[in-house]
Amino acid sequence: MRDVCIVGGGTAGLAASIFTARAGLDTLVIDGGESILARNASLENYPGFPDGVDARRYLQLTREQARNAGAEFELGRVTRAEPIDEDDLEAGFALETDGGEPLETRRVIAASWSDSDYLVPLDVGRIQRGSKHFVDTDDAGRTAVDGVYAAGRLADEPHQAIVAAGHGAKVGLAVIHDSDANFYHDWVVPEGYFTGRGREVPPGCEEIDDDERRARDGQARTRMLEAFAEPLDEVPTMHPSVEQD
Ligand SMILES: Cc1cc2nc3c(=O)[nH]c(=O)nc-3n(C[C@H](O)[C@H](O)[C@H](O)COP(=O)(O)OP(=O)(O)OC[C@H]3O[C@@H](n4cnc5c(N)ncnc54)[C@H](O)[C@@H]3O)c2cc1C
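Small disclaimer: the values here were computed from a predicted structure and weren't measured.

## Some remarks on the site of the ligand
Thought 1: Taken together, 31 residues lie around the ligand, and Ala12, Asp31, Ser35, His159 and Ala161 are the ones closest in.
Thought 2: Here an oxygen atom of the ligand and a backbone polar atom of Glu34 are 3.1 Å apart.
Thought 3: Bound to the protein, the ligand loses 88% of the 1,000 Å² it would expose on its own.
Thought 4: Spatially, the ligand is embedded in the second largest pocket.
Thought 5: Looking at the shell around the ligand, the elements with two or more residues in it are helix H1 (11-22), strand E2 (27-31) and helix H3 (161-178).
Thought 6: For the shell around the ligand, the class distribution of residues is twelve nonpolar, 13 polar and six charged.

## A short note on the pattern of salt bridges
Pairing between side chains of opposite charge can happen when their charged atoms approach one another.
Thought 1: Within this structure, the stated rule accounts for 19 salt bridges.
Thought 2: Salt-bridge contacts for Arg106 lead to Asp3; the nearest nitrogen and oxygen are separated by 2.9 Å. Taken as a pair, Arg106 in strand E6 (residues 103-110) and Asp3 in strand E1 (residues 2-7) lie far apart in primary sequence, 103 residues in all.
Thought 3: For Arg106, a relative accessible area of 38% corresponds to the partly exposed category.
Thought 4: One salt bridge connects Arg56 with Asp54, and the closest N-O pair in it is separated by 3.2 Å.
Thought 5: With a relative accessible area of 4%, Arg56 lands in the buried category.

## Section: the nonpolar core
Generally speaking, nonpolar side chains in soluble globular proteins are found buried as a group.
Thought 1: In terms of nonpolar packing, the biggest core is built from 33 residues, with Ile6, Leu37, Leu43, Tyr58 and Ile109 touching the most fellow members.
Thought 2: Of all the secondary-structure elements, those providing two or more residues to this core are E1, H1, helix H2 (55-69) and H3.
Thought 3: Top contributing element to this core by residue count: H3, with seven residues.
Thought 4: If we ignore the near neighbours within four places in the chain, the residues touching Leu37 are Thr11, Leu43, Ala55, Arg56, Tyr58, Leu59 and Ala161.

## Topic: the layout of surface pockets
Thought 1: There is about 1,000 Å³ of room inside the largest pocket.
Thought 2: Along its surface, the largest pocket is lined by 28 residues, and Arg22, Leu61, Gln65, Asn68 and Ala220 are the ones closest to its centre.
Thought 3: Secondary-structure elements contributing two or more residues to the lining of the largest pocket are H1, H2, H3, strand E11 (206-208) and helix H4 (210-227).
Thought 4: Looking at which element gives the most residues to the lining of the largest pocket, the answer is H2, with seven residues.
Thought 5: Residue composition of the lining of the largest pocket, by class: 17 nonpolar, five polar and six charged.
Thought 6: Here the lining of the largest pocket spans two domains, and each of domain 1 (2-178) and domain 2 (187-227) adds at least three residues to it.
Thought 7: Volume-wise, the second largest pocket comes out at about 800 Å³.
Thought 8: Lining the second largest pocket are 39 residues, and of these Glu34, Ser35, Ile36, Leu37 and Trp113 sit closest to its centre.

## Here's the deal with the environment of Asp156
Thought 1: Looking at where Asp156 falls in the secondary structure, it is placed in the loop between strand E9 (148-150) and H3.
Thought 2: Relative accessible area serves as the criterion here: at 34%, Asp156 is assigned to the partly exposed category.
Thought 3: Placed 48 residues apart in sequence, Asp156 and Val108 show a C-alpha to C-alpha distance of 17 Å.
Thought 4: Ignoring anything within four residues of it in the chain, the contact list for Asp156 reads Arg129 and Phe134.

## What about a negative patch on the surface?
Thought 1: On the surface, Asp85, Glu86, Asp87, Asp88, Glu90 and Asp146 cluster together into a patch of negative charge.
Thought 2: Looking at the secondary structure, you find Glu86 in the loop between strand E4 (78-83) and strand E5 (93-97).
Thought 3: For Glu86, a relative accessible area of 63% gives the class exposed.

## With respect to H2
Count 3.6 residues to each turn of an α-helix, and residues three or four apart come out pointing the same way.
Thought 1: Given a rise of 1.5 Å per residue, 15 residues ought to cover 21 Å, and the 21 Å separating the end C-alpha atoms of H2 matches this to within 8%.
Thought 2: The residue sitting at the N-terminus of H2 and contributing the capping side-chain oxygen is Asp54; that oxygen lies 2.8 Å from the backbone nitrogen of Arg56.
Thought 3: Positive backbone phi, at 115°, marks Gly70, one or two positions downstream of H2.

## Observations regarding the packing of aromatic side chains
Thought 1: Counted by the stated rule, this structure contains five aromatic pairs.
Thought 2: Ring geometry for Tyr46 and Phe49: centres 6.3 Å apart, planes at 50°, overall tilted.
Thought 3: Given a relative accessible area of 14%, Tyr46 falls into the buried group.
Thought 4: Ring-pair connections join several aromatic residues into one group, and the members of that group are Tyr46, Phe49 and Tyr58.
Thought 5: Over the ring of Phe134 we find Arg129, and its NZ or CZ is 4.3 Å from the ring centre.
Thought 6: A cation over a ring is seen here: Arg197 above Tyr193, with NZ or CZ 5.1 Å from the ring centre.

Analysis parameters
Residues numbered from 1 in each chain as written. Predicted model: local features only at pLDDT ≥ 70, side-chain atom pairs only at ≥ 80, totals over all residues. Heavy atoms only, no water. Near = heavy atom within 4 Å. Polar contact = N/O pair within 3.5 Å; in protein donor to acceptor, adjacent residues only side chain to side chain. Areas by Shrake-Rupley, 256 points an atom, 1.4 Å probe, with all protein chains shown as cover. 1 Å grid on protein atoms, 1.4 Å probe; cavity = no way out; pocket = protein on both sides within 12 Å on 5 of 7 lines; lining within 4 Å. Sits in = over half its atoms within 2 Å of the grid points. Helix = DSSP H or I, 4+ residues; strand = E, 2+ residues; numbered from the N terminus. Nonpolar A, V, L, I, M, F, W, Y, C, P; charged D, E, K, R; others polar. Salt bridge = Lys/Arg side-chain N within 4 Å of Asp/Glu carboxyl O. Buried < 20%, exposed > 50% of the residue type's maximum accessible area, 1.4 Å probe, protein only. Core = buried A, V, L, I, M, F, W, Y, C linked by side-chain atoms within 4.5 Å. Contact = heavy atoms within 4.5 Å. Points joined across faces, edges and corners; volume = space filled by probe spheres on them. Domains from an automatic or database assignment. Patch = residues over 30% accessible without salt bridge, like charges linked within 9 Å, V, L, I, M, F, W, Y side chains within 5 Å. Lys, Arg positive; Asp, Glu negative; His and termini not counted. Charge placed at Lys NZ, Arg CZ, Asp CG, Glu CD. Expected span 1.5 Å × (residues − 1). Phe/Tyr/Trp six-rings, centres within 6.5 Å; stacked < 30°, edge-to-face > 60°. Lys NZ or Arg CZ within 6 Å of the ring centre and 35° of its normal.

Dropping the structure here:
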């Protein structure tokens with residue numbers, strides 16, 4: 001059984017997976033298609049990219065970061081989520097997908113804008129506005145069902161990539177908090193930052209010396225130079241209702 005299955009590998013789901021996987025939770029991302037961000041032509045309001053970034057490249061790099069953190073991926077659309085034992089939600093949840101075998105998980109993060117039909121058997125509290133359904137959550141993405149969370153646009157967060165990513169991270173932290181992971185903050189700090197004050201390095205934190213810091217910086221620069229060396233072949237996905245030649 002997985003610790004957490006994240007339904008949707010878009011902006012929010014990927015951010016959540018980076019946090020849960022780095023905290024040591026066995027994390028599976030199930031994605032059934034494409035992030036809505038793949039329709040963007042130039043992502044220019046995501047902090048950290050002064051002249052913007054190709055949204056598809058941003059998604060590729062974020063997927064790579066999630067894999068590096070230890071998250072695993074499965075392609076497929078989740079079609080149904082239900083408790084393994086109606087009387088004991090701690091027994092976890094079973095997820096059916098349109099392709100593979102059913103999956104079992106202790107916790108579910110629904111980050112699947114704009115589909116939440118698979119949550120109907122769980123009665124999490126869906127809100128309909130126009131043709132869209134949103135999932136009702138508390139501040140940290142917890143739904144009415146213990147162990148089930150919603151993140152990003154599906155949780156009625158504003159329709160911006162940085163907000164969806166930030167919310168995904170916050171929901172990932174709620175999952176970590178609700179699990180038995182030993183965790184303080186996900187911080188990497190210079191050697192001595194804690195130990196120099198006679199403190200233990202808190203769980204989830206890491207102290208690294210200057211050689212290691214330079215090595216990590218070198219690796220990060222090499223990867224980014226390589227990643228941005230060439231333009232991508234992929235083009236934005238057009239809205240399905242627009243007729244094209
Ligand atoms: C044309 C366009 C341009 C945009 N431009 C910008 C911009 O310039 N700046 C900005 O900040 N934001 C922009 N956005 C908004 C931004 O893309 C979204 O706010 C953000 O992607 C929402 O993140 P999310 O993770 O909630 O959803 P998504 O990123 O869409 O991720 C949801 C994922 O869930 C998957 N999924 C859905 N149902 C299932 C299921 N049943 N099983 C498994 N997987 C499932 C989908 O395939 C998708 O990968 C734009 C959006 C559009 C449409």
